[in-house]
Every structure is written in structure tokens, then in C-alpha cells.
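# Commentary on secondary and tertiary structure
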Amino acid sequence: MATAVSSRFEVVDVAPKIGSAIHTDKATLLSGERAKDIREIMERRGVIVFPEINLTDDEQIAFTHTLGTFAHEDGEGAKDGKDSVYPITMDSSINPIADYLKGAFFWHLDGTMSEKPILASIMSARALAPVGGETDFCNTYAAWDELPADEKTQIENLKVIHAMWRSQLYWKPEPTFAELEAWMARGSNTLPLVWKHRSGRQSLVLGATALEVEGMGTAESEKLLVKLRTWATQPQFSYRHTWKLGDMVIWDNTGTMHRALPYDHKSGRLMMRTKLEGEEAFA
Ligand code: SIN
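All values reported here derive from a predicted model rather than from experimental measurement.

### Digging into the pattern of salt bridges
Tallied over the full model, the rule gives 18 salt bridges. Put simply, D57 and R126 hold a salt bridge, and the shortest N to O gap is 2.6 Å. Of the two residues, D57 is situated in helix α3 (residues 57–67) and R126 in strand β6 (residues 120–127); the sequence distance between them amounts to 69 residues. For D57, a relative accessible area of 30% translates into the label partly exposed. For R126, a relative accessible area of 26% translates into the label partly exposed. Connected via shared salt-bridge partners are E73, R273 and K275.

Shown next as C-alpha cells:
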């Protein structure tokens, strides 16, 4: 279904249960006049694509400010304290912690080490890989909604221990002791498996940082986490974005998971990301 108004702003769903494309122009986005609509669509649809909108870095920063509180990146690779776009690339001459970003090739949501994860990420394609490099998204609200009732009852009060080092082991299963210690210094965080949002909606909290279900044996815990990830990432809850240069995609980090598909690390693929501060703690 498409809606048209005075300035160009056409919304078209790209998959049944996740994702809409908004066909609009830079001026409309930068004016902030549609910010409320964009936030509403993001919360309802999980992912919004702005095809070939071609925002510059400064325009992306300005657009991010129209939607909420700009979240600064921390750590190496970030320009501490200043509003800036963050390079997502495997090129360590552009991002010195490119290796750490390899966790992004596995289903995850951002901010599981915090009490209040970021609300949203906004990512623009600056250079593409010739093959691969799509981004997959799945809707963790829809995945919860459609779980059979008896399974909901079994899991709704469970808690899961999350640790950043778990996600790093996906890409480097045999780290050095020093690497493991550095990852483990980031600590762990115990989160509800089912997030009861203040809106009344509920979503599954899963992803590559999920280490174990609290109080459950290792094998049972692993089985449950893999079963739920398999459920949540089924095609009916998912959308795969095949990038074109200049595309910008924004996703609700609180009700989706995402992952990058493999690509040649020497391909030069470069995405620029900004983020919105979280507004709601895991609960
Ligand atoms: C991310 O996980 O934030 C990046 C995903 C991608 O590079 O497609």
C-alpha cells in the first residue's frame, strides 16, 4: 500500500512482516517534518530502506538528529565525543578495529552489554562488494507473537547471560589467551529472553552474544537458544537487503536482529553508520 502527501513520501512494504521502503527526497528527510512518521514506521515495520537517497556524512548526521538523541560511538575507530559517522569495513586502515566487526556476520542485536541498548542504527552504502555483503534482518516481535502458546509459557520468564566474547568466538574459535582475556574484560550481562516493552509489545532477545540460559544445563540451554534463533530467522520474519550505492537503511535495534552476509574482506565494502541512543531498558 502506498501513501502520497505534499512532499514526496511514499511508503511501500518490502516483505510481509518486516521492512518498508520510503521513497522521498533529501529535503524532506533533513527538514524533520516526517521524523514522527519515520519513527512510527520503524517501530511497526522494524526496518526502513531509503533507496539511493545518497546522503553525505554530514546529511546523515543531521538526519539522525531529527529522529532522536545522537549516540556517539565509543572505543577505537570512533571520534570520541564528536558527532561523526562510523565506518563499517573490513579495511583496518579505515577502521583499526575491523577484526572486532567480524561478529557482525552472525545474527545479533547491538548493545546487549548495556542495560539500555541503542534504539536504532542508520547505515548508508558508500562502497559495495561485487559479490555478497547483503544485510539480513529479522523481526523479533513477529517471531515472539507467532510462537505457539505453550512455548511462550515455557520461556517467558527465562533470563539469558550475554557476553561479547561469545560473539567473537564465532569468527575466531581458537583465540590467543590474550585475545580472550581482552574480550572477557567487557564482562557479561543478564537479560530477559522475552523483552516486555513499555508499548505492551514483546520481542525475543537472542543473538550471537547469548551465552547461556540462566539456571539451565549447557546442552539444554544451547538447544533452546539455537531453536529460537532458527525460529526467529525464518523467511516469514525476515528481509534481506541487497545494497545499491547510496541506499540508507534504518532499523529498530530493539525489535530486530541483523547480520551481514559474507563478502571478500578486500573488496572495499564500506558502510557509514550512525546510531540513536536507547530510550528503553531491557525489561
Ligand atoms: C552491523 O552489524 O552493524 C553491520 C551489518 C552490515 O555490515 O551489513
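Continuing now.
### Let's talk about the nonpolar core
Formed by 22 residues in total, the largest nonpolar core has its most connected members in V47, F137, Y239 and V249. Going through the elements one at a time, β3 (47–50), β5 (86–88), β6 and β14 (248–252) are the ones with two or more residues in this core. Non-local contacts of F137, meaning those with residues more than four positions away in its chain, are made with I18, V47, W107, F237, S238, Y239, H241, V249, W251, M257 and H258. Among the nonpolar cores identified, the runner-up in size contains 21 residues, and W144, V194, L224 and F237 belong to it.

Conventions we followed
Residues numbered from 1 in each chain as written. Predicted model: local features only at pLDDT ≥ 70, side-chain atom pairs only at ≥ 80, totals over all residues. Heavy atoms only, no water. Salt bridge = Lys/Arg side-chain N within 4 Å of Asp/Glu carboxyl O. Helix = DSSP H or I, 4+ residues; strand = E, 2+ residues; numbered from the N terminus. Buried < 20%, exposed > 50% of the residue type's maximum accessible area, 1.4 Å probe, protein only. Core = buried A, V, L, I, M, F, W, Y, C linked by side-chain atoms within 4.5 Å. Contact = heavy atoms within 4.5 Å.

Such coordinate-based values are descriptive only and should not be taken to indicate function.
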